[in-house]
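The lines below spell out each chain.
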Amino acid sequence: MADAHIVLSHSRDAGIVAIAGGEQYRWAHTALEESGFRRGDAGVYRLVADDPDASRATVAGLIRCAERHRTSVSTSSRRFIGDAARDIARLLPGQWNATVEIYSHPVWQEDLVPWLWDNGELGRAVQTTRIPYAATLTDTSGTTLLLVERPGHPLGYLLGAFAPESLEEGYGDPHAPTSIVLPPIPGRAAKVITQRYLPAYDRAVHARRTAAVAGALDRIRTEHDAWTAMVASGRYSDATPLGIDALGAATEQFLDSAWREFRTVLDHAPALLDRCRPTATPWPGDTDALAQLADALRDAETVREEMACGTPLTRPERNTRTWPAIDIWLTHGESFLRQARAAAPQQRPAFAVLAPPPALPPGRPSPRR
């Protein structure tokens, strides 16, 4: 692909649209502006196609102007991706917002890699294939999907997701969902997303939250075991004698570390607890343990909120208030984890099948001629 290029496509609402790209994409911007295109939202250039003859003349002039600015021009066989994304978003259950993203310089595309939460074709394409533009679909819960034209195919799209904000980066995560291929027809694409992709995405979020809580508890438990052994022996792990002052410092260090790790539990455990149904599992006796865990979360969250609002708490005060909650989670953590793994993730609204239009009343028979 040239150092600067322009891709033209047709938009139902905006007429002819143009997207510039390449390492020297500014050359393409200059050619578009000199030719009468106007820059709009997200950096998409537009030419309202009210007069077909005038539009053809403008495009012909763009091609000549682009040659002077060492920019190639091509015409997409697909409709504008913004239109496709908005049509799909309108058909998805709930409220979704569609926006266009342009990665004019190839290096901008690389910014997607750490955050793209995918173990399928989309993730591979973003890392190996030039993708100059895409569209995102975001709902009110914060789910953000990425829609791109499927590389190497004249029709169809790839759809995947970004990692939820609370779960940080998604690259290389074994729990990531697998991207899917979408047909070019909006209704069919929305049905595939609703019935296949979003349930898989929600299961992946549930599994990753569970793994995050399990990992945090494991790290706290490992440090707790090491601290307990050190206190019992009166020595460091290398057998060096442990003085009174050193014991106090080691205890504070352990409690500080435990609180840092426990904040991960605070971030993810509440949503998982809401999905737990002990009476529907082989372990109905976990009900009391889950109630204690929920109370402990509330106590610890109160401390975190107070600290966030500027309430002065000394380290000893914070540790005195948070350690009981952490201790309860170390005691009943396994009960929680088996219940979370047995629980079903959140349920989204079902795909609404559009009713066929009503049949027209029978017409009057045509007279014979």
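Residues numbered from 1 in each chain as written. Predicted model: local features only at pLDDT ≥ 70, side-chain atom pairs only at ≥ 80, totals over all residues. Heavy atoms only, no water.

## A look at the confidence of the model for the chain
Working step 1: With 91% of its residues at a pLDDT of 70 or more, the chain has an overall mean of 89.
Working step 2: Note on residues 360-369: pLDDT under 50 across the span, and zero contacts to partners over four residues away in sequence or across chains. (pLDDT = per-residue confidence, 0-100. Contact = heavy atoms within 4.5 Å.)

## Describing the nonpolar core
Working step 1: Counting 38 residues, the largest nonpolar core has Ile88, Leu137, Leu145, Leu147 and Leu182 as its most contacted members.
Working step 2: Listed by contribution, the elements that provide at least two residues to this core are β2 (15-21), α3 (81-91), β6 (96-102), β8 (133-139), β9 (144-149), β10 (157-162), β11 (180-182) and α6 (186-233).
Working step 3: Sorting elements by how many residues they give to this core places α6 first, with nine residues.
Working step 4: When residues of this core are assigned to domains, at least three fall in each of domain 1 (5-78) and domain 2 (84-184). (Core = buried A, V, L, I, M, F, W, Y, C linked by side-chain atoms within 4.5 Å. Buried < 20%, exposed > 50% of the residue type's maximum accessible area, 1.4 Å probe, protein only. Helix = DSSP H or I, 4+ residues; strand = E, 2+ residues; numbered from the N terminus. Domains from an automatic or database assignment.)

## Some details on the packing of aromatic side chains
Working step 1: For the structure shown, the criterion picks out seven aromatic pairs.
Working step 2: For the pair Phe254 and Trp323, a centre-to-centre distance of 5.6 Å together with 70° between the ring planes defines the contact as edge-to-face. Within this pair, whereas Phe254 is found in helix α7 (residues 244-275), its partner Trp323 is found in helix α9 (residues 315-342), the two being separated by 69 residues in sequence.
Working step 3: For Trp323, a relative accessible area of 22% corresponds to the partly exposed category.
Working step 4: Aromatic side chains Phe262 and Trp329 sit 6.4 Å apart centroid to centroid with 70° between the ring planes, which places their arrangement in the edge-to-face category. Of the two residues, Phe262 sits in helix α7 while Trp329 sits in helix α9, which places them 67 residues apart along the sequence.
Working step 5: Take Phe262: its relative accessible area is 0%, and that puts it in the buried class.
Working step 6: Its relative accessible area of 0% is what places Trp329 among the buried residues.
Working step 7: Among the aromatic residues, those joined into a cluster by ring pairs are Trp117, Tyr197 and Tyr201. (Phe/Tyr/Trp six-rings, centres within 6.5 Å; stacked < 30°, edge-to-face > 60°.)

## Observations concerning the environment of Phe162
Working step 1: Its location among the elements puts Phe162 in strand β10.
Working step 2: Taking relative accessible area as the criterion, Phe162 reaches 14% and is therefore assigned buried.
Working step 3: Through-space distance from the C-alpha of Phe162 to that of Asp118 is 7.8 Å; in sequence the pair is 44 residues apart.

## A few points about the sheet that holds β2
Working step 1: If you trace the five strands from one edge of the open sheet to the other, you get β3-β4-β2-β1-β5, paired in mixed fashion. Sheet topology places β3 (38-39) and β5 (72-79) at the edges, where each strand pairs with a single neighbour.
Working step 2: Sheet analysis places β2 next to strand β4 (residues 45-47), joined by three bridges and oriented antiparallel. Pairing of Ile16 across the sheet is with Leu47, part of β4.
Working step 3: In this fold α3 packs onto β1 (5-11) and β5, with an angle of close to 20° to the strand it touches most, β5. (Pairing = 2+ DSSP bridges. Axes fitted to C-alpha atoms, helices over the stretch in contact; angles between N-to-C directions.)

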